[in-house]
Amino acid sequence: MSKVLSAVAWPYANGPRHIGHVAGFGVPSDVFSRYMRMAGHDVLMVSGTDEHGTPILIAADEAGVTPQELADQNHRIIAEDLVALGISYDLYTRTTTRNHTAVVQELFTGVYDNGYFIEQTTYGAISPSTGRTLPDRYIEGTCPICDYPSARGDQCDNCGNQLDPADLINPRSRINGEVPEFVETQHFFLDLPALADALKVWLDEREATGLWRPNVIRFSQNILEDIRPRAMTRDIDWGIPVPLDGWRDNPTKRLYVWFDAVIGYLSASIEWARRTGDEDRWREWWNDPESLSYYFMGKDNITFHSQIWPAELLAYSGKGDKGGKPGEYGELNLPTEVVSSEFLTMEGKKFSSSQRVVIYVRDLLSRYQPDAFRYFVAAAGPENQDSDFTWSEFVRRTNDELVAGWGNLVNRTANMIAKSFGEIPAAGELGAEDQALLDHVDAAYGVVGDLIGRHRQKGAIGEAMRAVAEVNKYVSDNEPWKLKGDDERERLGTILHVVAQCVADLNRILSPFLPFSANAVDAVLGGSGEVQPMPRLEEADDLDGGAGYPVITGDYTGAARWERSPIKVGTPVSKPVPVFTKLDPAVVDEELARLTS
RNA sequence: GGGGAGGUAGCUCAGUCGGUCAGAGCAGAGGACUCAUAAUCCUUGGGUCGUGGGUUCGAGCCCCACCCUCCCUACCA
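Residues numbered from 1 in each chain as written. Chains lettered and ligands numbered in written order. Predicted model: local features only at pLDDT ≥ 70, side-chain atom pairs only at ≥ 80, totals over all residues. Heavy atoms only, no water.

Here threonine 97 shows up in the loop between β3 (91–94) and α4 (98–113). In terms of polar contacts, threonine 97 uses its side chain to reach the backbone amide nitrogen of histidine 100, at 2.9 Å. Sequence-distant contacts of threonine 97, defined by excluding residues within four places in its chain, comprise Glu271, Asp542 and Tyr549. (Helix = DSSP H or I, 4+ residues; strand = E, 2+ residues; numbered from the N terminus. Polar contact = N/O pair within 3.5 Å; in protein donor to acceptor, adjacent residues only side chain to side chain. Contact = heavy atoms within 4.5 Å.)

See the structure below:
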């Protein structure tokens, strides 16, 4: 049994999340975590809402509310959506807690004391009316290269060239149209070059495991070649104060997201431990070098997780070129594996809220079962390359694979048992093909589990579904419905017992992917319906006297084990109600109409 | 401009170390069956593996060039 940290990307609080987001980090991390718990590992799964930064400020201004109010609203929406998807966080929190502020500041102090911050003067744009940094992408003007009048400060959408906002002709703020002011400003830069050697050692070691996805390790190694200091503070008033004299009370200097959100993995772990009443318990996952940590995210976040965050951990632990010693948190573990997904597209196009190419999690779940979506993501999601969500494919996967394959097997099994015995029958003597099927399905625990452990969920669910087909074939081959005579009753009982055992096994094997229906299927076969425990939304007090907030938490110790458990002969089984809902093909057109209306 | 990924059956994709690697599912065609949400099971057609070279006894697989698609590109979180 290992300590396993499941570190899940922090959704940004500028609005509700769409299905592309949760396909990238939510479903894969939950499948992995549920499986690892079943396999007997001690999993700590944490995440939260990322609430600071310029886009929140702008969205709040537009909505006429304070940034905190906006973040409050969206944090709640996002958390509700994640619960509805069944993502089994031990703690899902947020970045505006006092705990998080304290942890971030402790990390800053540790990195600072070890000498890995460089103070530099930079030249950047600010908004004259607010004094806030104006990020490059929020400045527009005429492109100095192609004269395109609406070039962005970072890049011209017309000619594609990278730009420096100071070179724009007639620069103006995209937020309020005012002319930006270019000023000199002081910032702390993380001295990444001083950590590059240590990062390289770590990455080489990770590469040698052969476990990382090829594109992730390659990308990570690649960006190491051109490494330079990166600013960890901003001129902004919405964020965590810099814990140094002269900076602490300066209302326009705040820590940047790169020294804020990623630290949430640690602060959430600490918050979780404090809430359990054993406040040092987080150390089992962070200080013990034997502990494993898996970080789940979309590919746009690889840089954060394979460079910035490990660099911060190394700097805090005093393990870069400049030496140093760990702060009060001790030496902290670097990621075991950065598990990055690619992107989901939507009917062939990039998700875009502004262009209405979007399906929000909430909308999807208001009309469809969460497990149908989870099945789609596991079977056809952006695991290794971008993949496309189309309504027709969603309907097809749901109807032809999930309902017709698995759902129907459950249903026909329960129906036959209910009709002929009314309870799980005992098996007589097993024939060769009975035993072969039982062995085949039992072996699926190993095959599927191994694939999930290696983050090959498409392959894993494919193997599970292949086993489903085997059982369907066994039923067809043995034609139990023809065994009506008294002299055939023992054989009938044997066949139905074998099938029921296989269905119970496959239900466990599929349960990390389909947790809601796993519980329902278990109940159909007369079980307690407690294969997969569910997360719950809870109103929590801030541990340090701040405002309360909703968190996601749960007790997952009751999850079924990842191994065969013999079914109980005599368990009553009544005529089942179908667990899975077949979709009307008309929803394809309905949904497409909804997209364009 | 630089970096990365991908182009395999009508569709979605598997193909690990170069040697039954020309595959699966779905869709199409035919059949069986009726326990089951018209579900299931069996049979079957279909591909110059992006293009052109090269290495090799042998290449989706390795090398070179080219074409096409997508992603990233460091103050965007």
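Alright, that's what it looks like, and here's the rest.
Further remarks concern the packing of α4 against helix α9 (residues 302–317). Running from N to C, α4 and α9 point in directions that differ by 65 degrees, and their axes come no closer than 8 Å. Seen along the crossing, α4 lies across α9 with a hand that is left-handed. Note on element contacts: α9 touches α4 through Trp309, Glu312, Ala315 and Tyr316, opposite Glu106, Leu107, Gly110 and Val111. Grouping the constituent residues of the contact of α4 with α9 by class yields five nonpolar, one polar and two charged. (Axes fitted to C-alpha atoms, helices over the stretch in contact; angles between N-to-C directions. Left-handed = near helix turned anticlockwise from the far one by under 90°. Nonpolar A, V, L, I, M, F, W, Y, C, P; charged D, E, K, R; others polar.)

Let us look at the protein's contact with RNA strand B. The environment of RNA strand B is formed by 48 residues, the closest being Arg218, Asp226, Tyr256, Asn408 and Lys582. A distance of 3.2 Å separates a sugar or linking oxygen of RNA strand B from a polar atom in the backbone of alanine 404. Among the elements that line the surface near RNA strand B, the one with the most residues is helix α12 (residues 391–420), at twelve residues. Broken down by class, the residue content of the surface near RNA strand B amounts to 17 nonpolar, nine polar and 22 charged. (Near = heavy atom within 4 Å.)

Moving on, we come to the domain arrangement of chain A. Once the domains are mapped, chain A shows domain 1 (3–134 + 180–341) and domain 2 (364–532 + 567–596). The gap between the C-alpha centroids of domain 1 and domain 2 is 39 Å. Taken together, the contacts link 27 residues of domain 1 with 25 residues of domain 2. Carbon and sulfur atoms make up 67% of the surface buried where domain 1 meets domain 2, a total of about 2,100 Å² over both sides. For the pair domain 1 and domain 2, the number of links is one salt bridge. Between aspartate 30 and arginine 374 there is a salt bridge whose closest N-O contact spans 2.7 Å. Counting across the interface, domain 1 meets domain 2 through eight residue pairs in polar contact (both at pLDDT 80 or more). (Domains from an automatic or database assignment. Buried area = accessible area lost by both parts, 1.4 Å probe. Salt bridge = Lys/Arg side-chain N within 4 Å of Asp/Glu carboxyl O.)

On to unusual backbone geometry. Although it is not a glycine, histidine 455 sits at a positive phi angle of roughly 60 degrees. Mapped onto the elements of the fold, histidine 455 is located in the loop between α13 (432–453) and α14 (457–478). A relative accessible area of 3% places histidine 455 in the buried class. (Buried < 20%, exposed > 50% of the residue type's maximum accessible area, 1.4 Å probe, protein only.)

As a further point, take the pattern of salt bridges. According to the stated counting rule, one finds 33 salt bridges in the structure shown. Ionic pairing is found between arginine 536 and glutamate 538, a salt bridge with its closest N-O pair at 2.9 Å. What makes arginine 536 partly exposed here is its relative accessible area of 41%. Exposure remark for glutamate 538: the relative accessible area of 31% places this residue in the partly exposed category. It is possible to trace a salt-bridge network through shared partners that takes in Glu393, Arg396, Arg397 and Glu401.

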